[in-house]
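For reference, the chains in residue letters:
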Amino acid sequence: MHKHSCFHVKKRTLLATAGCVWLAAGINVARLGILAYRFILQIQIWHILLSLAVFCVFGLMFFKMNVKHTKRIQGYTQPFLPIWQFFDLKSYIIMAVMMGGGIWLRSSGVAPDVFIAVFYTGLGCALSLAGVLFVIHIPTI
């Protein structure tokens, strides 16, 4: 019998973990964006269109990352892997920089509410969709 630690999981669980992490992050970021919309005195159609544009740009980028990570996870030959391997090192660094930058951007007051509303809403929805895509790929393993 193969012994493994409690931190080792099946490949399906790696995809589920990635999906949950991305979905949780996306929901939180989108929530911050939607809350920031409350501070815009008069919401214009271009605000919504810009949020949609941000969603499209990041959605495409996250889709490509999703495909890359899903293929990487599918390609593992070991039956059990460390839970943290749902990302590679580069992705953890990108995530840390994005989170740190986002926290700084909101707390510094540099970005106006309209930017936070437009950008965070689009970005958060794209992150959420990437999380859903990870979960959809679980049956492929």
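All values derive from a computational prediction rather than experimental measurement.

Undergrad: Break down the overall build of the chain for me, citing the residues and quoting the values.
TA: A count of helices and strands for the chain gives four helices and two strands. Mapped from its N terminus to its C terminus, the chain presents α and β elements in the order β-α-α-β-α-α. In terms of overall dimensions, the chain has C-alpha extents of about 65 × 30 × 20 Å along its principal axes. Looking at the chain as a whole, 37% of its 141 residues are labelled buried. Long-range pairs, those at least 24 residues apart, make up 81% of the contacts in the chain between residues at least 6 apart in sequence. Of the roughly 8,600 Å² of accessible surface on the chain, a fraction of 75% belongs to carbon and sulfur atoms.

Undergrad: Tell me about the side chain of threonine 70, residues and numbers included.
TA: Position of threonine 70 relative to the elements: it lies in helix H2 (residues 45-75). A polar contact of 2.8 Å, which involves the side chain of threonine 70, links it to the backbone oxygen of asparagine 66. Apart from the residues within four sequence positions on either side, threonine 70 is in contact with Leu15, Phe134 and His137.

Undergrad: Describe the state of the cysteines, with residues and values.
TA: Enumeration over the complete set of coordinates arrives at zero disulfides. With no disulfide of its own, cysteine 125 lies 11 Å from the sulfur of cysteine 56, the closest cysteine sulfur. The class of cysteine 125 is partly exposed, set by a relative accessible area of 35%.

Undergrad: Can you lay out the nonpolar core for me, pointing to particular residues and giving the numbers?
TA: One finds Leu14, Trp22, Phe62 and Leu123 to be the most contacted residues of the largest nonpolar core, which totals 31 residues. Ranked by the residues each element gives to this core, the list is headed by helix H4 (residues 113-136), at nine residues.

Undergrad: Give a detailed account of the confidence of the model for the chain, specifying residues and quantitative values.
TA: Chain-level statistics for the chain give a pLDDT mean of 92 and a share of 97% at 70 or above. Mean pLDDT in the chain bottoms out at helix H3 (residues 89-108), which sits at 91, and peaks at H4, which reaches 96.

Undergrad: So what's going on with the packing of aromatic side chains? Residues and values would help.
TA: Summed over the entire model, instances satisfying the criterion amount to 10 aromatic pairs. With a centroid separation of 5.9 Å and 55° between ring planes, the pair formed by tryptophan 22 and phenylalanine 134 is classed as tilted. One end of the pair, tryptophan 22, is in helix H1 (residues 11-37); the other, phenylalanine 134, is in helix H4, and 112 residues separate them in sequence. There is no split in this pair, since tryptophan 22 and phenylalanine 134 are both buried. Ring centres 5.3 Å apart and planes at 80° place the aromatic pair phenylalanine 87 and tyrosine 92 in the edge-to-face group. Relative accessible area serves as the criterion here: at 5%, phenylalanine 87 is assigned to the buried category. Given the relative accessible area of 25%, tyrosine 92 is considered partly exposed. A network of ring pairs unites the aromatic residues Trp22, Phe58, Phe62, Phe86, Phe87, Tyr92, Phe115, Phe119, Tyr120 and Phe134 as a single cluster.

Undergrad: Just give me the short version of the packing of H1 against H2, but keep the residues and values in it.
TA: Remark: H1 packs on H2, axes separated minimally by 12 Å, with the N-to-C direction vectors making an angle of 170°. Here H1 is positioned roughly antiparallel relative to H2, judged by the angle of their axes. In terms of crossing hand, the pair formed by H1 and H2 is right-handed. Facing Lys11, Leu14, Leu15, Trp22 and Tyr37 of H1, the residues of H2 in contact are His47, Ile48, Ser51, Phe62, Met65, Thr70, Ile73 and Gln74. Considered class by class, the residues forming the contact of H1 with H2 number eight nonpolar, four polar and one charged.

Cut-offs used in this document
Residue indices follow the written sequence of each chain, beginning from 1 at its first position. A pLDDT threshold of at least 70 governs which residues receive local features in this predicted model, and a stricter bar of 80 or more applies before side-chain atom pairs are shown or counted, although totals over entire chains, interfaces and linings include all residues. The side-chain numbers reported here are obtained from all heavy atoms of the structure, hydrogens and water having been left aside. Runs of H or I in DSSP of at least four residues are treated as helices and runs of E of at least two as strands, each being numbered from the N terminus. Each residue is assigned to one of three classes by its accessible area relative to the maximum for its type, calculated with a 1.4 Å probe on protein chains only: buried under 20%, partly exposed between the two thresholds, exposed over 50%. By definition, residues are in contact when any of their heavy atoms lie within 4.5 Å. Methods summary: accessible areas were calculated by the Shrake-Rupley approach with a probe of 1.4 Å, and residue burial reflects only the protein chains presented. Under this definition, polar contacts are N or O atom pairs within 3.5 Å; protein pairs additionally need one hydrogen-donor-capable and one acceptor-capable atom, and for neighbouring residues in sequence, both atoms have to be side-chain atoms. Here, the term disulfide refers to a pair of cysteine sulfur atoms separated by no more than 2.5 Å. Among the buried residues, those of types Ala, Val, Leu, Ile, Met, Phe, Trp, Tyr and Cys that are joined through side-chain atoms within 4.5 Å form a nonpolar core. pLDDT is a per-residue confidence score from the predictor, ranging from 0 to 100. Stacked, edge-to-face and tilted labels apply to pairs of Phe, Tyr and Trp rings (six-membered ring for Trp) whose centres lie within 6.5 Å, assigned for plane angles under 30 degrees, over 60, and everything in between, in that order. Each axis is a line fitted through C-alpha atoms, taken for helices only over the stretch in contact, and angles between the N-to-C directions span 0 to 180 degrees. Angles below 35 degrees are treated as roughly parallel, those above 145 as roughly antiparallel, those between 65 and 115 as roughly perpendicular, and all remaining angles as oblique. By convention the crossing between two helices is left-handed if the near helix lies anticlockwise of the far one by an angle smaller than a right angle, and right-handed if it lies clockwise. Residues are grouped as follows: Ala, Val, Leu, Ile, Met, Phe, Trp, Tyr, Cys and Pro are nonpolar; Asp, Glu, Lys and Arg are charged; every other residue, Gly included, is polar.

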